[in-house]
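Now for the letters of each chain:
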Amino acid sequence: MSDVTVVPAERRRVFVDKQSPKAYKALLAAAEAARAVAAEAGLDRRLVELVNLRVSQINGCAYCLNVHTRAALREGETTQRLGVLPAWRDTELFTARERAALALAEATTDPSDAAAQQAAYALARDALTEEEISAAIWVAIAINSFNRVSIMSKHPVRPTPGV
């Protein structure tokens, strides 16, 4: 007996990226532009992946967490820092620049708390250039969009052999 559950077609989610490829390609182009802006501003790829992961944690996007954890590890991120990322404020493992980018990522993901948003911006002003602030916000905007695509599509996360 198989442990795979077959879901009737009328109950399966629509993979909106596959259903509307023009819109998805535009989103991919925007994400590429955000990564380019980050690189031009001097935000290294590890920091970009920390932002991607923190936003995906907040949004509960299993698919993006899976993708960006592997990417962060490929970029040399440590399992210790990845493990404590949800509690980054309570450790000394993250630099001032990383803390500022993570605070901006959280404020971008949940902009309804004006005080938290103001505190994040103040932290960013002390640790990042204007180019870096803009880049961190764009990275957070991009991953927030991908989170919504994957969550609403219910993109599956399958076991990776050897991991």
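For every chain, the first residue of the written sequence is number 1, and numbering continues from 1 along that sequence. Restriction of local features to residues with pLDDT of at least 70 applies here, the model being predicted, together with a cutoff of 80 or more for giving and counting side-chain atom pairs; totals for whole chains, interfaces and linings are based on all residues. Heavy atoms from the whole structure form the basis of all side-chain values; hydrogens and water molecules are not counted.

### Here we look at the side chain of serine 150
Here a strand is any run of E in DSSP of at least two residues, a helix any run of H or I of at least four, and the numbering for each starts at the N terminus. On the secondary structure map, serine 150 appears in helix 8 (residues 130–153). Remark: exposure states derive from per-residue accessible area (1.4 Å probe, protein chains only) relative to the maximum for the residue type, with buried under 20%, exposed over 50%, and partly exposed in between. Given a relative accessible area of 6%, serine 150 falls into the buried group. Here a residue-residue contact requires only that any non-hydrogen atoms of the pair lie within 4.5 Å. Ignoring any residue separated from it by four or fewer positions in sequence, one finds serine 150 in contact with Cys61, Tyr63, Cys64 and His155.

### What about the side chain of arginine 54?
Relative to the elements of secondary structure, arginine 54 occurs in helix 3 (residues 45–59). Arginine 54 has contacts with Leu85, Pro86, Trp88, Leu102 and Glu106, leaving out every residue within four places of it along the chain.

### Side note on the packing of helix 6 (residues 96–109) against helix 8
With their axes 9 Å apart at the nearest point, helix 6 and helix 8 run at an angle of 45° to one another. Looking at the two axes, helix 6 sits oblique to helix 8. Crossing angle aside, the handedness with which helix 6 passes helix 8 is right-handed. Contact with helix 6, carried on its side by Arg97, Ala101, Leu104, Ala105, Thr108 and Thr109, involves Glu132, Ile133, Ala136, Ile137, Ala140, Ile141 and Asn144 of helix 8 and no other residues of that element. Inter-axis angles, ranging from 0 to 180 degrees, are taken between N-to-C directions of lines fitted to C-alpha atoms, where helices are fitted over the stretch in contact. Angles are sorted into four bins: roughly parallel if under 35 degrees, roughly antiparallel if over 145, roughly perpendicular if 65 to 115, and oblique for all others. A clockwise turn of the near helix away from the far one marks a right-handed crossing, whereas an anticlockwise turn of less than a right angle marks a left-handed crossing.

### Examining the nonpolar core
Within the largest apolar cluster, 38 residues are counted, with the highest numbers of intra-cluster contacts made by Leu43, Leu50, Val51 and Leu85. Of all the secondary structure elements, the ones that give two or more residues to this core are helix 2 (21–41), helix 3, helix 4 (62–74), helix 6, helix 7 (114–127) and helix 8. Residue contributions to this core peak at nine residues, all from helix 8. Excluding residues that lie within four positions of it along the chain, leucine 85 makes contacts with Leu50, Leu53, Arg54, Gln57, Phe94 and Leu102. We define a nonpolar core as any set of buried Ala, Val, Leu, Ile, Met, Phe, Trp, Tyr and Cys residues linked to one another through side-chain atoms lying within 4.5 Å.

### Overview of the pattern of salt bridges
Each reported salt bridge corresponds to a side-chain nitrogen of Lys or Arg within 4 Å of a carboxyl oxygen of Asp or Glu. Evaluation of the coordinates by the stated rule reveals nine salt bridges. For arginine 45, the salt bridge is made with glutamate 49, and the minimal N-O distance between the two is 3.0 Å. Separated by four residues within a single helix, arginine 45 and glutamate 49 lie in helix 3, roughly one turn from each other. When its relative accessible area of 38% is taken as the criterion, arginine 45 is described as partly exposed. We note a salt bridge from glutamate 77 to arginine 46, for which the minimum N-O separation is 3.6 Å. Remark: arginine 46 occurs in helix 3 and glutamate 77 occurs in the loop between helix 4 and helix 5 (79–84); sequence separation between them is 31 residues.

### Thoughts on the packing of aromatic side chains
What counts as a ring pair is set by centres within 6.5 Å for rings of Phe, Tyr and Trp (its six-membered ring), and what kind of pair is set by the plane angle: stacked under 30 degrees, edge-to-face over 60, tilted for all other angles. Counted according to the given criterion, the structure contains one aromatic pair. Seen in terms of ring centroids, tyrosine 24 and phenylalanine 146 are 5.9 Å apart; in terms of plane orientation they differ by 90°. Their pairing is edge-to-face. Here tyrosine 24 is found in helix 2, whereas its partner phenylalanine 146 is found in helix 8, with 122 residues between them in sequence.

### Some thoughts on the environment of alanine 124
Note on placement: alanine 124 falls in helix 7. The exposure class of alanine 124 is buried, given its relative accessible area of 0%. Between the alpha carbons of alanine 124 and alanine 34 there is a distance of 18 Å; along the sequence they are 90 residues apart.

### A look at the packing of helix 3 against helix 6
When two helices pack together, you describe them by how their axes are tilted relative to each other and by the distance separating the axes. Where helix 3 meets helix 6, the axes come as close as 9 Å, and the angle between the chain directions of the two elements is 35°. Here helix 3 and helix 6 pass one another in a crossing that is right-handed. Residues Arg46, Leu47, Leu50, Val51, Arg54, Val55, Ile58 and Asn59 of helix 3 form the contact with helix 6, whose participating residues are Glu98, Ala101, Leu102, Ala105, Glu106 and Thr109. Here the contact of helix 3 with helix 6 is composed, by residue class, of eight nonpolar, two polar and four charged. All residues other than Ala, Val, Leu, Ile, Met, Phe, Trp, Tyr, Cys, Pro, Asp, Glu, Lys and Arg, Gly among them, are scored as polar; the first ten of these are nonpolar and the last four charged.

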